[in-house]
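Chains, contacts and geometry: an overview
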Amino acid sequence: GTFVDAGYLDAREPAFLMAVVARIDRTRTTLGVALLDVSTGEFTATEYAGADGLQTLSDEIAVLKPREILLPNEDAASDPAAAAEAVAARWPTIAAAGRPVTPLDLWAFDLERARRTLLDQLRCGGLEGFGLERHPAAISAAGALVHYLRSTQKADLSHVRAIAYRQRADALLIDPTTLEHLEIVEGSDGGREGSLLDELDRTVTSMGSRLMRAWLLRPLLALDPIRDRLDAVEELAFCTSDRGRFRDGMKAVQDLERLTARVALGTAGPRDLVGLKQSLVCIPRLRTILGELQAPLVRSLVAQLDDVEDVRDRIEATLIGDPPALAQHQ
């Protein structure tokens, strides 16, 4: 769950690390779940409660296929093999999913410790703005996940700057059986070929491909976001010239999400920095093209674009060996 090297990752799919914890309050058990793709910085958390909570979690594991699952080691066993066996026995449903399981010290899931870890990582004074404040189980899972990464990566996680609480009412949860029968992301042979995703995916970048996959796995339920998306699609469908120019401009954009993650983790090389610079150079032209469109969703996205000229200048100075800039970059 901590690999970020492009050679180990499928550019079109996320690589999730998951943490799970059970919080018992009187007779109610709530499952806290956190997901983080270290290679991009995508960070989310949610909670499942009630009789169907464990089944919902099992379905999510089957759909998202996390590369590693962190579970609390309540026995504090010193032998890793014994700890893994004890955790698997305590969480048979998760163990049956066949994903790699890693025992993590129970204290890492402590609510207050996890809260402090999150506040420090996100550099904020509270979790209200992320929608987490009323979800202690989600906080425990997310904080433990960050603790694990900090202790194993031994590197800056500055690209992990935000966390989103996933509301179950925001998207349609499709169970694994339905996904398989409808061949949403995998064809009949188990690969991508022949699936709905394979048929629809004409994206130019790997970032777009991952996003389309996420959209198909979690279709929107709220009417307003659906309308906003359809309005944008309709305008782009009719504006053939603008769409063509935009696609041409996007061809020079590399995987910014994973490039910036490698920079933050200290594993980026000169080639990565050049790719980052070349990608950022495209932003002004892309923003100009999209600025001619009127769809509310497109306009709101354009307003969020930043040319980040200072970053491009810093990379340029670093690559040509300007000592002050190089020292500042390091």
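Preceding this paragraph is the structure being described.
Residues numbered from 1 in each chain as written. Predicted model: local features only at pLDDT ≥ 70, side-chain atom pairs only at ≥ 80, totals over all residues. Heavy atoms only, no water.

Some details on a nonpolar patch on the surface
Together, Val274, Leu319 and Ile320 line one region of the surface with nonpolar side chains, adding up to about 250 Å² of accessible area. Turning to its location among the elements, valine 274 is positioned in helix H12 (residues 270-281). A residue is classified by how much of its surface remains accessible, and valine 274, at 31% relative accessible area, is partly exposed. (Patch = residues over 30% accessible without salt bridge, like charges linked within 9 Å, V, L, I, M, F, W, Y side chains within 5 Å. Areas by Shrake-Rupley, 256 points an atom, 1.4 Å probe, with all protein chains shown as cover. Salt bridge = Lys/Arg side-chain N within 4 Å of Asp/Glu carboxyl O. Helix = DSSP H or I, 4+ residues; strand = E, 2+ residues; numbered from the N terminus. Buried < 20%, exposed > 50% of the residue type's maximum accessible area, 1.4 Å probe, protein only.)

Points about the sheet that holds strand S5 (residues 101-105)
Reading across from one edge, S5-S4-S1-S2-S3-S6 is the order of the 6 strands in this open sheet, with mixed pairing throughout. If you trace the sheet from one side to the other, it starts and ends with S5 and strand S6 (164-165), each paired once. One ladder, built from 3 bridges, connects strand S1 (residues 16-25) with strand S4 (residues 68-73); its direction is parallel. Bridge pairing links alanine 19 to leucine 70 in S4. Those strands touched by helix H5 (residues 136-153) are S1, strand S2 (28-37), strand S3 (42-49), S4, S5 and S6, and its axis lies near 40° from that of S2. (Pairing = 2+ DSSP bridges. Contact = heavy atoms within 4.5 Å. Axes fitted to C-alpha atoms, helices over the stretch in contact; angles between N-to-C directions.)

What about the nonpolar core?
Residues Phe43, Leu118, Leu132 and Leu145 are the most contacted members of the largest nonpolar core, which totals 32 residues. Among the elements of the structure, S1, S2, S3, helix H4 (111-122) and H5 are those that each provide at least two residues to this core. With 9 residues, the top contributor of residues to this core is H5. Listed in part, the 23 residues of the second largest apolar core include Trp91, Leu179, Ile184 and Val185. (Core = buried A, V, L, I, M, F, W, Y, C linked by side-chain atoms within 4.5 Å.)

Some thoughts on the packing of helix H11 (residues 256-264) against H12
Following both chains from N to C, one finds H11 and H12 inclined at 135°, their axes separated by 10 Å at the closest point. On the basis of the axis angle, H11 is oblique to H12. With respect to the hand of their crossing, H11 and H12 are arranged in left-handed fashion. Two secondary-structure elements touch here, H11 through Leu256, Leu259, Thr260, Arg262 and Val263 and H12 through Asp272, Leu273, Gly275, Leu276, Ser279 and Leu280. In terms of residue class, the contact of H11 with H12 is made up of 6 nonpolar, 3 polar and 2 charged. (Parallel < 35°, antiparallel > 145°, perpendicular 65-115°, else oblique. Left-handed = near helix turned anticlockwise from the far one by under 90°. Nonpolar A, V, L, I, M, F, W, Y, C, P; charged D, E, K, R; others polar.)

Remarks on the pairing of S5
Residues Thr102 and Leu104 point to one face of S5 and are all buried, whereas Val101, Pro103 and Asp105, pointing to the other face, are not buried. In terms of strand pairing, S4 meets S5 through 5 bridges, oriented parallel. By the bridge assignment for S5, isoleucine 69 is matched with valine 101.

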